[in-house]
Number of protein chains: 2
Amino acid sequence: MKQCILEMTNRISITYCTQCRWLLRAAWMAQELLTTFEQELSELTLIPGTGGIFEVHANDALIWSRKEQGRFPDITELKQLVRDQIAPEKDLGHSDRKKES
Amino acid sequence: MKQCILEMTNRISITYCTQCRWLLRAAWMAQELLTTFEQELSELTLIPGTGGIFEVHANDALIWSRKEQGRFPDITELKQLVRDQIAPEKDLGHSDRKKES
């Protein structure tokens, strides 16, 4: 069986608190990122945690921590943070220009 | 900042074909597995691929290949396969007894 997987090395992880029931928003953000960065991402990992954790890492850099920021990212700023880390030249289109998607 | 992440070592990966637009079903299955195996899974990784690939690995063992099986798993049998690999003693409830969930 021949496999053809794109060779890339960009990894995202989203760690979410299961006690807070944040799987749904983590999985939604995962799908948004995998759609927007379809050509750039090699994998996206969902990691169950506890204690109110909600963190996003891009290639091992912490790009969002709910405890540090005091809130969840909105999806546009999360994409901008991911873009800055893994594809700084990428234009995110109208969402980069502060309009609603 | 204190993090409290459960110490487990069970990993699932779902590799899906982006050309076939299988992200949605991969992400759905991911959420089903993360919900059912909330206490057992340490991480679940979504991996974009091409060429019609749809594969599920549990701790590096290939437990589903669409090319080998000729079809997608239904969610009940996928959970049984994951259970057999990572938590063989776990009772999956009524779905194990061939009723609809």
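As the structure is a prediction and not an experimental result, all values here were calculated from the model. (Residues numbered from 1 in each chain as written. Chains lettered and ligands numbered in written order. Predicted model: local features only at pLDDT ≥ 70, side-chain atom pairs only at ≥ 80, totals over all residues. Heavy atoms only, no water.)

### Description of the relation of the copies chain B and chain A
Put simply, the rule is: When the copies are superposed, the least-squares fit takes in the C-alpha atoms of residues with a pLDDT of at least 70 in both. Should any heavy atoms of two residues lie within 4.5 Å, those residues are counted as being in contact.
Taken as rigid bodies, chain B and chain A are interconverted by a rotation of 180° and an axial shift of 0.0 Å, the fit giving an RMSD of 0.0 Å. Here the symmetry operator amounts to a two-fold rotation axis. Taking C-alpha positions as the reference, the residue of chain B nearest the rotation axis is Thr45(B), at 2.0 Å. In this assembly, 100% of the residues forming the interface of chain B have copies in chain A that are likewise at the interface, indicating an isologous arrangement.

### Quick notes on the interface of chain B and chain A
Filter applied, for reference: Accessible area, probed at 1.4 Å, shrinks when two parts are joined; the buried area is that loss added up over both. Pairs of N or O atoms within 3.5 Å make up the polar contacts considered here, provided that, within protein, one atom can donate a hydrogen while the other can accept it, and that residues adjacent in sequence are counted only when both atoms are side-chain atoms. Helix and strand definitions follow DSSP, with helices as H or I runs of at least four residues and strands as E runs of at least two, each counted in order from the N terminus.
On the chain A side, the residues contacting the 31 residues of chain B number 31 residues. Carbon and sulfur atoms supply 61% of the area buried between chain B and chain A, which totals about 2500 Å² over both sides. Taken together, chain B and chain A are joined by three residue pairs in polar contact (both at pLDDT 80 or more). Those elements that provide at least two residues to the side of chain B that touches chain A are β1 (10-17), α1 (23-36), β2 (41-49) and α2 (66-69) of chain B. Considering every element that reaches the side of chain B that touches chain A, the biggest residue donor is β2(B), with nine residues.

### Considering the packing of aromatic side chains
Residue and element names in this part refer to chain A. Condition: Here a pair means two rings of Phe, Tyr or Trp (six-membered ring of Trp) with centres within 6.5 Å. Their orientation is stacked below 30 degrees between planes, edge-to-face above 60, and tilted elsewhere. In this scheme, a residue with accessible area under 20% of its type's maximum is buried, one over 50% is exposed, and one in between is partly exposed, where area comes from a 1.4 Å probe on protein chains only. Whether a charge sits over a ring comes down to the Lys NZ or Arg CZ being within 6 Å of the ring centre and within 35 degrees of the ring normal.
This model, assessed by the stated rule, comprises six aromatic pairs over all chains. Here the aromatic rings of Phe54 and Phe72 are separated by 4.8 Å at their centres, their planes lie at 75°, and the arrangement is edge-to-face. Of the two residues, Phe54 is situated in strand β3 (residues 54-58) and Phe72 in the loop between α2 (66-69) and α3 (75-86); the sequence distance between them amounts to 18 residues. On the basis of relative accessible area, Phe72 is assigned to the buried category, the value being 18%. Connected via pairs of aromatic rings, a cluster forms that spans Trp22, Phe54 and Phe72. The lysine or arginine in question, Arg25, covers the ring of Phe72, its NZ or CZ lying 4.1 Å from the ring centre.

### Digging into the packing of helix α1 (residues 23-36) of chain A against α3(A)
Residue and element names in this part refer to chain A. For clarity, the threshold we go by: To define axes, lines are fitted to C-alpha atoms, for helices over the stretch in contact only, and angles between the resulting N-to-C directions are given on a 0 to 180 degree scale. Geometric relationships in this document are graded by angle, where less than 35 degrees denotes roughly parallel, more than 145 denotes roughly antiparallel, 65 to 115 denotes roughly perpendicular, and other angles denote oblique. Note on convention: the crossing is left-handed when the near helix lies turned anticlockwise from the far helix by less than a right angle, right-handed when the turn is clockwise. Gly is placed with the polar residues, together with every amino acid not listed as nonpolar (Ala, Val, Leu, Ile, Met, Phe, Trp, Tyr, Cys and Pro) or charged (Asp, Glu, Lys and Arg).
Where α1 meets α3, the closest approach of the two axes is 11 Å, and the angle between their N-to-C directions is 50°. On the basis of the axis angle, α1 is oblique to α3. Here α1 and α3 pass one another in a crossing that is right-handed. Between α1, through Trp28, Met29, Glu32, Leu33 and Thr36, and α3, the contact on the second element is made entirely by Ile75, Leu78, Lys79 and Val82. Looking at the contact of α1 with α3 residue by residue, the classes come out as six nonpolar, one polar and two charged.

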